[in-house]
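Remarks on the overall topology
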Amino acid sequence: MLDKARELSANGKAVIAVQSSDDRGQIGIIMPGAAVPSGKWGLNVPIAVAARVDRPEASFYGKGINWLFSDPAQVTIYVRL
């Protein structure tokens, strides 16, 4: 799933990753570029940009998507084809 998201982003598609929960939702935009290793997730992840409403100081650009989401099983990827 993450490799496909990175591939679609590299091909100019809009790709977002979403994690919703009862108390807040988070969203990240998958960026084109090489995957980066994530020790936390134990796999290579796409880079992303994210603006955090709950903690603006934790917003980021160009880091692995694992910086935003703690559990890959709770992340849903959407793409506009």
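Counting restarts for each chain: residues are numbered from 1 in the order of the written sequence. At least 70 in pLDDT is required for a residue's local features to be given in this predicted model, at least 80 for side-chain atom pairs to be given and counted, and no such filter applies to totals for whole chains, interfaces and linings, which use all residues. The basis for every side-chain value is the complete set of heavy atoms in the structure, and neither hydrogens nor water enter the calculation.

**Description of the nonpolar core**
In plain words, nonpolar cores are sets of buried Ala, Val, Leu, Ile, Met, Phe, Trp, Tyr and Cys residues tied together by side-chain atoms within 4.5 Å. Burial classification: accessible surface area is computed with a 1.4 Å probe over protein chains only, and a residue below 20% of its type maximum counts as buried, one above 50% as exposed, and the rest as partly exposed. Counting 16 residues, the largest nonpolar core has Ala 17, Trp 41, Ile 65, Phe 69 and Ile 77 as the members making the most contacts within it. Broken down by secondary-structure element, the contributors of at least two residues to this core are α1 (2–10), β1 (14–20) and β5 (47–50). In DSSP terms, a helix is any run of H or I states spanning at least four residues, a strand is any run of E spanning at least two, and both are numbered starting from the N terminus. Sort the elements by how many residues they give to this core and α1 lands first, with three residues. Not counting residues within four places of it along the chain, the set of residues in contact with Ala 17 comprises Gln 26, Ile 27, Gly 28, Ile 30, Ile 65, Phe 69, Val 75, Thr 76 and Ile 77. Between two residues, a contact is recorded if the distance between any of their heavy atoms is within 4.5 Å.

**Focus on the pattern of salt bridges**
Here a salt bridge means any side-chain nitrogen of Lys or Arg lying within 4 Å of a carboxyl oxygen belonging to Asp or Glu. Following the criterion strictly, the structure yields two salt bridges and no others. For Glu 7, the salt bridge goes to Lys 4, with nearest N and O atoms at 3.5 Å. Here Glu 7 and its partner Lys 4 are both found in helix α1, three residues apart, which amounts to about one turn of the helix. Between Glu 57 and Arg 55 there is a salt bridge whose closest N-O contact spans 3.7 Å.

**Focus: the sheet that holds strand β2 (residues 25–30)**
Pairs of strands are assigned from DSSP output, requiring at least two bridges between the strands. Strands sit in the order β6-β5-β2-β1-β7 across an open sheet of five strands; the sheet is antiparallel. This sheet does not close on itself; its edge strands, each paired only once, are β6 (60–64) and β7 (76–80). On average, each strand axis in the sheet is tilted by 30 degrees relative to the strand beside it, whichever way the strands run. For helices, the fitted line uses only the C-alpha atoms of the stretch in contact; every axis is such a line through C-alpha atoms, and the angle between N-to-C directions lies from 0 to 180 degrees.

**Quick word on the environment of Leu 8**
Here Leu 8 lies in helix α1. When the C-alpha atoms of Leu 8 and Arg 80 are compared, they prove to be 9.4 Å apart, with 72 residues separating the residues in sequence. Residues within four places of Leu 8 in sequence aside, it is in contact with Lys 13, Val 15, Val 79 and Leu 81.

**Considerations on α1**
Within α1, burial applies to Leu 2, Ala 5, Leu 8 and Ser 9. Taken around the axis of α1, the buried residues stretch over an arc of 125 degrees, which confines them to a single face. Among the exposed residues of α1, those pointing more than 90 degrees away from its buried face are Asp 3 and Ala 10. Summarising the contacts, the buried residues of α1 are in contact with β1, β2, β4 (43–45) and β7. Immediately beyond the C-terminal end of α1, within one or two residues, lies Gly 12, with a positive phi of roughly 85 degrees. The arc refers to the directions leading from the helix axis to the C-beta atoms.

Functional significance is not addressed by these values, which are geometric in nature.
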